[in-house]
Amino acid sequence: MKQKIFLQSEFMTLGQLLKEANIIASGGQAKWYLAENAVYVNGELENRRGRKLYAGMMVETSEGTFFISAPEKNEEADHVSE
């Protein structure tokens, strides 16, 4: 399953992504999950739950592939009234 994950800030951690993707129920399970399962960030095996993920990165797990995307811009928010 391929899924797009939108960032709410500049980056998110790998543990946050696992929780956001409903792979784990709480952040405390991230360390256990990464010790028991192969997770790849941009094709490299990763076991650090604090690994920072930025827009453009790809995370692969047995549950699916996740693409990290910057938040979609709201054109109205960019509009400045004079």
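The preceding data block contains the structure.
What you see is a predicted model, and the numbers here were worked out from it, not measured in a lab.

### Structural notes on the pattern of salt bridges
Thinking step 1. A full pass over the atoms with the stated rule returns two salt bridges.
Thinking step 2. Here Glu 46 makes a salt bridge to Arg 48, at a shortest N to O gap of 2.7 Å.
Thinking step 3. Owing to a relative accessible area of 47%, Arg 48 belongs among the partly exposed residues under this scheme.
Thinking step 4. In this structure, the salt-bridge partner of Glu 46 is Arg 51, at a minimum N-O distance of 2.8 Å.
Thinking step 5. One continuous salt-bridge network, built from bridges that share partners, spans Glu 46, Arg 48 and Arg 51.

### Here's the deal with the pairing of strand S7 (residues 64-69)
Thinking step 1. Summarising burial for S7: five of the six residues are buried, a large majority.
Thinking step 2. In this sheet, S7 lies alongside strand S1 (residues 2-6) in parallel orientation, the contact comprising five bridges. Opposite Gln 3, over in S7, you have Phe 66 as the bridge partner.
Thinking step 3. Bridge count for strand S6 (residues 58-61) against S7 is four bridges, and the pairing is antiparallel.

### Comments concerning the sheet that holds S7
Thinking step 1. Taken together, five strands build an open sheet; the order of strands is S1-S7-S6-S3-S4 and the sheet is mixed. The sheet is open, and its two edges are formed by S1 and strand S4 (44-45), each paired on a single side.
Thinking step 2. Across two bridges, strand S3 (residues 40-41) lies against S6 in antiparallel orientation. What sits directly across from Tyr 40, in S6, is Glu 60.

### So, the environment of Gly 50
Thinking step 1. Assignment of secondary structure puts Gly 50 in the loop between S4 and strand S5 (52-53).
Thinking step 2. As for Gly 50 and Lys 31, which are separated by 19 residues in sequence, their C-alpha atoms are 9.5 Å apart.

### Re the environment of Phe 6
Thinking step 1. By secondary structure assignment, the location of Phe 6 is in strand S1.
Thinking step 2. Residues Phe 6 and Glu 20, 14 residues apart in the sequence, show an inter-C-alpha distance of 10.0 Å.
Thinking step 3. Apart from the residues within four sequence positions on either side, Phe 6 is in contact with Ser 69, Ala 70, Pro 71 and Glu 72.

### Quick notes on the packing of aromatic side chains
Thinking step 1. Applying the stated criterion to the full structure yields two aromatic pairs.
Thinking step 2. With a centroid separation of 5.7 Å and 55° between ring planes, the pair formed by Phe 11 and Tyr 54 is classed as tilted. Of this pair, Phe 11 sits in the loop between S1 and strand S2 (12-13) while Tyr 54 sits in the loop between S5 and S6, and the two are 43 residues apart along the sequence.
Thinking step 3. Taking the ring centre of Phe 11 as reference, the NZ or CZ of Lys 52 above it sits at 4.6 Å.

Reading the values: rules and limits
Residues numbered from 1 in each chain as written. Predicted model: local features only at pLDDT ≥ 70, side-chain atom pairs only at ≥ 80, totals over all residues. Heavy atoms only, no water. Salt bridge = Lys/Arg side-chain N within 4 Å of Asp/Glu carboxyl O. Buried < 20%, exposed > 50% of the residue type's maximum accessible area, 1.4 Å probe, protein only. Helix = DSSP H or I, 4+ residues; strand = E, 2+ residues; numbered from the N terminus. Pairing = 2+ DSSP bridges. Contact = heavy atoms within 4.5 Å. Phe/Tyr/Trp six-rings, centres within 6.5 Å; stacked < 30°, edge-to-face > 60°. Lys NZ or Arg CZ within 6 Å of the ring centre and 35° of its normal.

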